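Spelled out, the chains give:
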Amino acid sequence: MAPKALEGVRVLEYGSFIAAPFASRLMADLGATVIKVEPPVGDRSRAFGPFPHDVPESEASGLFLHVNANKLGVTLDITSPSGARMLKALLATTDIFVENCEPGYLEGLGLSPSKLRASNPRLIVTSLRPFGMQGRHSHYRGDDMVAWHASGAGQGYLGDPDREPLRGAWHFTDHFAGICAAMASMLALHAREATGQGQHIDIAEADLMALLCTGPTRIGVYHYVGTYLSRQGKLHAGGAPAALLPCKDGFVYIHAYEGHQWEGVVKAMGDPDWAKEPMFSGSFMERGQYRDELYALMNDWLMSRTKKEIFEIFQRHRAPCAPLNTMGDLLFDSNFQSRDFFRSVKHPVAGALTLPGAPYQLSATPWALARPAPMLGQDNEQVYCGLLGFSHAEMSDLHRAGVIS
Amino acid sequence: MPRHDENVFGNLRVTNFGWFWVATVMGNIFADLGAEVVKVESRTSFDNARATTVSLAGSQGEGLFTINVQHSMKSIQLNLARPQGVSIAKEMVQQSDVVIENYRPGVMEKLGLSYAELRKIRPDIIMVSASAYGQVGPLRTASGFGTNLACVTGMDTLQGYDKDEPRPFNIAILDPMNGVLGAYALLAALRHRARTGEGQYIDIAQAEATIGMFGAPLLDYVFNKRVQHAIANHDLTMAPHNVYRCTGDDAWVTIAIATDAEWRRLCAATGNETWATDERFADAYLRLRNQRSLDMLITAWTLNRNAVDIAELLQSHGVASAPVLNVAQVAEDEHYKDRESWMEVPHPFGNAVVYTVPWKMSGTQPRVRGPGPLVGRDTQYYLQELLGIPEAQTDKLAAEKVLD
């Protein structure tokens, strides 16, 4: 068997919904041993779906099954004194603790990151919050959308100028936060090699888009010239063609910035006479002044062809174009199929699952989808008896008392 | 808060052949913790990122974008179209731990800088290549994909006003995301190397890395043949969940309600106790079904109020809410200031404001070590100090256009 990059790294996750679970999923994919701790009722993502044949079943929620694959799963009521003690016992053998509790929740239970670290200085605690744990709004509650719009991402980059700004696709901020949390946890793991000490990592979801996207593209400019740009709808920039345009069965994105790319667009459309008009003969930016006219003239040609046909014709003329694939299209895409991207894993309740495959291919320590997401409390015995040394009788008592389920 | 600059990666050297954005993010995550990250660039194949956004007055195209995203890095000017340029690049790799690149697949091979070649001169090298579709496959060299990635991955079908009105994000948002993901993969590979001495090659297909977020909507197709699409600011489980217009130009506030308790708190906070007893909104299911009515009622309440005041009021009642900020408001926001989100750094053409590091680490806080460098700022240092090339010879190299 191929070696694993994170072999021997022990991760404990007390996560909810997407952000923290996605972080520990990334670590599990590269070989870390991840124990997901759920409250006795389970992670709320178990109720989110989608479900096979739309039949609700807490063991078959698509969101849960995706972000929790490759993990072990236990249940624990950390609000009970016994549960809190067991959590601490688990943390004694943990390298990285990842959590995204609501602001103030862990502090209220006497389980704040600093308290947990005080008794275990080698422990790395990675916390995700909508607004972080430092700063005057750190107590603010929020979700993916709230954090997204607080970063300037919606107002600045997504939506029509005269309509409301939009949130990013599919819980983008939550996933981005998970990626940053996994990466920063690795930074701390490397730092521990040098210092022998763990540390606390404070991830604010609102910071990520603000500091990694809005900031570098616009904050510096704003400070320098005192002005800023706002969202521009379907258009990418002032020039043309650069827009998401409708076609026979959906949309295509056409973005021809260079002169030779524009020539490719014209050839791809069969050299129409209108393209020879002087108004379209200038640069990308000059053509932008006539973009409404341009898109109106392109409309008939586009509307009589499918996105796949347009993509193929444009590729032949090396004209930049992308089909707007739907979730269904992706599964049948010949490129992804030829790379064997989508992977299958069998789940005892949900059946055969098709999931996205490796986000990166590591030649020596490959990414792997080794096991489906855990059933509720699936690994209680292995973890509590095997790792913490509880007897079966004690397990039974804990179950009866509602500390585990 | 105590922060120690430990230079965790003080002994790490990274050669970065990357251009534009994604490779830059991968690199400066290490540079902010003390690694020497050298960007290889040339006036003969200019990185257009430098020409993006406004430039500092008096500079020749020192754009604020690269001053920001290339922070903490070094720059060596090297013309890879010349065989001697490639030889010098190989000498650099020999002294490096990590190589980063995001050329179109095939370019590094043509230059003689493929992983197979670089491994011969540095057996434990870790090399990462980022591309749109990966190093193999029918679309590996497909043209013009930068910002179109959000289309081919289906991301743009999941954002917009509704099914028939998808909207693109106006810049390449996937670059910073995949950049952090690439740094994560590099950190894992470095751990493996520290334990075994073995390097490796990492192939990142940005399209596939992006689809990695869409497990649930994909499963909806697998389970139910349902194609999910954009639902504006709404949510599949929560209502009300939207942005609401406030007083002022393009002013909005977010409100997100997950539970019945939060709903009752919203009714109390806004002084609309009748909403709480309205049967149309009695539970989460009914609120979802009747969310258009709900949105209208809430808008009537927010319309003549200030977004910042609304958020403060609702948060004091335990309701998730925040103003929708524009760039100016983000830049002036006190919470971001508390978190030291921006800093002014000295630059040869006047000070510039750059963003800092979003992950706050209690022990070894990464920090911005300086603005993105001028093209070739560190060429002489690198050639003379590190590669031991005497000055007379670097002059000759310059004359032969190897350092263009």
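Structural data are supplied above this passage.
Throughout what follows, the structure given in this document is the object of discussion.

Each value, and the rule that gives it
Residues numbered from 1 in each chain as written. Chains lettered and ligands numbered in written order. Predicted model: local features only at pLDDT ≥ 70, side-chain atom pairs only at ≥ 80, totals over all residues. Heavy atoms only, no water. Helix = DSSP H or I, 4+ residues; strand = E, 2+ residues; numbered from the N terminus. Contact = heavy atoms within 4.5 Å. Areas by Shrake-Rupley, 256 points an atom, 1.4 Å probe, with all protein chains shown as cover. Lys, Arg positive; Asp, Glu negative; His and termini not counted. Charge placed at Lys NZ, Arg CZ, Asp CG, Glu CD. Pairing = 2+ DSSP bridges. Axes fitted to C-alpha atoms, helices over the stretch in contact; angles between N-to-C directions. Buried < 20%, exposed > 50% of the residue type's maximum accessible area, 1.4 Å probe, protein only. Polar contact = N/O pair within 3.5 Å; in protein donor to acceptor, adjacent residues only side chain to side chain. Core = buried A, V, L, I, M, F, W, Y, C linked by side-chain atoms within 4.5 Å. Parallel < 35°, antiparallel > 145°, perpendicular 65-115°, else oblique. Nonpolar A, V, L, I, M, F, W, Y, C, P; charged D, E, K, R; others polar. Phe/Tyr/Trp six-rings, centres within 6.5 Å; stacked < 30°, edge-to-face > 60°. Buried area = accessible area lost by both parts, 1.4 Å probe. Salt bridge = Lys/Arg side-chain N within 4 Å of Asp/Glu carboxyl O. Patch = residues over 30% accessible without salt bridge, like charges linked within 9 Å, V, L, I, M, F, W, Y side chains within 5 Å. Expected span 1.5 Å × (residues − 1). 1 Å grid on protein atoms, 1.4 Å probe; cavity = no way out; pocket = protein on both sides within 12 Å on 5 of 7 lines; lining within 4 Å. Points joined across faces, edges and corners; volume = space filled by probe spheres on them. Arc of directions from axis to C-beta.

Points about the overall build of chain A
Line of reasoning, step 1. When helices and strands are tallied, chain A shows 17 helices and 12 strands.
Line of reasoning, step 2. Expressed as a percentage of contacts within chain A between residues at least 6 apart in sequence, the contacts between residues at least 24 apart total 68%.
Line of reasoning, step 3. Of the roughly 14400 Å² that chain A leaves accessible, carbon and sulfur atoms contribute 53%.
Line of reasoning, step 4. Between the mean site of the 36 positive side-chain charges and the mean site of the 42 negative ones, chain A shows a separation of 3 Å.

Topic: the sheet that holds strand E5 (residues 124-129) of chain A
Line of reasoning, step 1. Pairing within the open sheet is mixed, and its 7 strands lie in the order E3(A)-E2(A)-E1(A)-E4(A)-E5(A)-E6(A)-E12(B). Looking at the sheet topology across the chains shown, the edges are occupied by strand E3 (72-75) of chain A together with strand E12 (360-361) of chain B.
Line of reasoning, step 2. In this fold helix H9 (residues 205-225) of chain A packs onto E5 and strand E6 (200-204) of chain A together with E12 of chain B, with an angle of close to 70 degrees to the strand it touches most, E6(A).
Line of reasoning, step 3. Of the strands in this sheet, strand E2 (33-38) and E3 of chain A touch helix H16 (residues 380-387) of chain A, which is tilted by about 80 degrees from E3(A).

Topic: the environment of Asp95(A)
Residues and elements named next belong to chain A.
Line of reasoning, step 1. With respect to the helices, strands and loops of the structure, aspartate 95 is situated in the loop between helix H3 (81-91) and strand E4 (96-99).
Line of reasoning, step 2. By relative accessible area, aspartate 95 is classed as buried at 6%.
Line of reasoning, step 3. Between the C-alpha atom of aspartate 95 and that of valine 125, which follows or precedes it by 30 residues, the distance is 8.6 Å.
Line of reasoning, step 4. Apart from the residues within four sequence positions on either side, aspartate 95 is in contact with Gly8, Val9, Arg10, Arg122, Leu123, Ile124 and Arg192.
Line of reasoning, step 5. Here the side chain of aspartate 95 touches arginine 10 through a polar contact of 2.8 Å, landing on its backbone nitrogen.
Line of reasoning, step 6. Here the side chain of aspartate 95 touches arginine 192 through a polar contact of 2.9 Å, side chain to side chain.

Describing the nonpolar core
Line of reasoning, step 1. In this structure, Tyr360(A) and Trp359(B) are the most contacted members of the largest nonpolar core, which totals 186 residues.
Line of reasoning, step 2. Ranked by residues supplied to this core, first place goes to helix H8 (residues 172-195) of chain A with 14 residues.
Line of reasoning, step 3. Those residues within four positions of Trp359(B) in sequence are excluded, and the remaining contacts are Cys180(A), Met183(A), Ala184(A), Leu187(A), Ile201(A), Asp202(A), Ile203(A), Leu212(A), Ile29(B), Val180(B), Gln365(B) and Pro366(B).

Some thoughts on the packing of H8(A) against H9(A)
Residues and elements named next belong to chain A.
Line of reasoning, step 1. Packing of H8 against H9 brings their axes to within 9 Å, and their N-to-C directions diverge by 85 degrees. It follows that H8 is roughly perpendicular to H9 by the angle criterion. Side by side, H8 and H9 meet where Phe172, Thr173, Asp174, Phe176, Ala177 and Cys180 of the first sit next to Glu205, Leu208, Met209 and Leu212 of the second.
Line of reasoning, step 2. Classifying every residue of the contact of H8 with H9 gives 7 nonpolar, 1 polar and 2 charged.

Comments concerning the packing of aromatic side chains
Residues and elements named next belong to chain A.
Line of reasoning, step 1. Across all of its chains, the model carries 26 aromatic pairs over all chains by this definition.
Line of reasoning, step 2. For the pair phenylalanine 17 and phenylalanine 48, a centre-to-centre distance of 5.4 Å together with 70 degrees between the ring planes defines the contact as edge-to-face. Taken together, the residues phenylalanine 17 in the loop between strand E1 (10-14) and helix H1 (19-29) and phenylalanine 48 in the loop between E2 and helix H2 (62-67) connect sequence positions 31 residues apart.
Line of reasoning, step 3. Residue phenylalanine 17 is classed as buried on the basis of its relative accessible area of 6%.
Line of reasoning, step 4. By relative accessible area, phenylalanine 48 is classed as buried at 12%.

Topic: the interface of chain B and chain A
For interface size, the figure often reported is the accessible area lost on association.
Line of reasoning, step 1. In this complex, chain B contributes 148 residues to the contact, which on the side of chain A involves 147 residues.
Line of reasoning, step 2. Interface area for chain B against chain A, summed over the two sides, is near 12900 Å², with a carbon-plus-sulfur share of 66%.
Line of reasoning, step 3. Counting the contacts that link chain B with chain A gives 11 salt bridges.
Line of reasoning, step 4. Viewed at the interface, chain A and chain B are joined by 61 residue pairs in polar contact (both at pLDDT 80 or more).
Line of reasoning, step 5. Tallying contributions element by element places helix H7 (residues 174-196) of chain B first for the side of chain B that touches chain A, with 15 residues.
Line of reasoning, step 6. Across the side of chain B that touches chain A, the residue classes break down as 83 nonpolar, 40 polar and 25 charged.

Some thoughts on the pairing of strand E11 (residues 351-355) of chain A
Line of reasoning, step 1. Where strand E10 (residues 343-347) of chain A lies against E11(A), 5 bridges are found, and the strand directions are antiparallel. Among the inter-strand pairings, Arg343(A) is bridged to a residue of E11(A), identified as Leu355(A).

Here's the deal with the sheet that holds strand E7 (residues 241-245) of chain B
Each strand in a sheet pairs with another by means of backbone hydrogen bonds, the pair being arranged parallel or else antiparallel.
Residues and elements named next belong to chain B.
Line of reasoning, step 1. Taken in spatial order, the 3 strands make up an open sheet running E7-E8-E9, and their pairing is antiparallel. The sheet is open, and its two borders are formed by E7 and strand E9 (320-323), each paired with just one other strand. Along the sheet, successive strands turn relative to each other by an average axial angle of 20 degrees, direction set aside.
Line of reasoning, step 2. Against the sheet, helix H13 (residues 291-302) touches E7 and strand E8 (252-256), its axis set at about 40 degrees to E7.

Let's talk about a nonpolar patch on the surface
Line of reasoning, step 1. The grouping of Tyr224(A), Val225(A) and Val54(B) at the surface amounts to a nonpolar patch, some 210 Å² of accessible area in total.
Line of reasoning, step 2. Relative to the helices and strands, Tyr224(A) resides in helix H9.

Focus on H8(A)
Residue and element names in this part refer to chain A.
Line of reasoning, step 1. Taking 1.5 Å of rise per residue, 24 residues should cover 34 Å, and H8 covers 34 Å from first to last C-alpha, within 8% of that figure.
Line of reasoning, step 2. The buried fraction of H8 is high, at 21 of 24 residues.
Line of reasoning, step 3. At the C-terminal side of H8, glycine 196 shows a positive phi close to 80 degrees.

As for unusual backbone geometry
In most cases, non-glycine residues show a negative phi, while peptide bonds are predominantly trans.
Line of reasoning, step 1. Cis geometry marks the peptide bond from Ala240(A) to Pro241(A); its omega dihedral reads -5 degrees.
Line of reasoning, step 2. Looking at where Pro241(A) falls in the secondary structure, it is placed in the loop between H9 and strand E7 (242-247).
Line of reasoning, step 3. Ala239(B) connects to Pro240(B) through a cis peptide bond whose omega is -5 degrees.
Line of reasoning, step 4. Phi at Lys225(B) is positive, roughly 55 degrees, even though this residue is not glycine.
Line of reasoning, step 5. Structurally, the position occupied by Lys225(B) is in the loop between helix H9 (215-224) and E7.

Here's the deal with the layout of surface pockets
Line of reasoning, step 1. By volume, the second largest pocket is sized at about 1100 Å³.
Line of reasoning, step 2. Lining the second largest pocket are 40 residues, and of these Ser16(A), Phe17(A), Arg44(A), Asn100(A) and Glu102(A) sit closest to its centre.
Line of reasoning, step 3. For the lining of the second largest pocket, the elements supplying multiple residues, two or more each, are E5 and helix H6 (144-150) of chain A together with helix H10 (260-269) of chain B.
Line of reasoning, step 4. Class assignment of the residues belonging to the lining of the second largest pocket gives a composition of 19 nonpolar, 8 polar and 13 charged.

A few points about helix H14 (residues 307-316) of chain B
All names here are of chain B.
Line of reasoning, step 1. Regarding H14, the residues found buried are Ala307, Ile310, Ala311, Leu314 and Gln315. Down the axis of H14, the smallest arc covering the buried residues is 120 degrees, so these residues share one side. Those residues of H14 that are exposed and angled more than 90 degrees off the buried face are Asp309 and Ser316.
Line of reasoning, step 2. Structurally, H14 contributes buried residues whose contacts are with E8, H10, H13 and E9.
Line of reasoning, step 3. One side-chain oxygen of the residue at the start of H14 lies 2.8 Å from the amide nitrogen of valine 308, identifying that residue as asparagine 306.
Line of reasoning, step 4. At the C-terminal side of H14, glycine 318 shows a positive phi close to 75 degrees.

Don't take any of this as a statement about function, it's just geometry.
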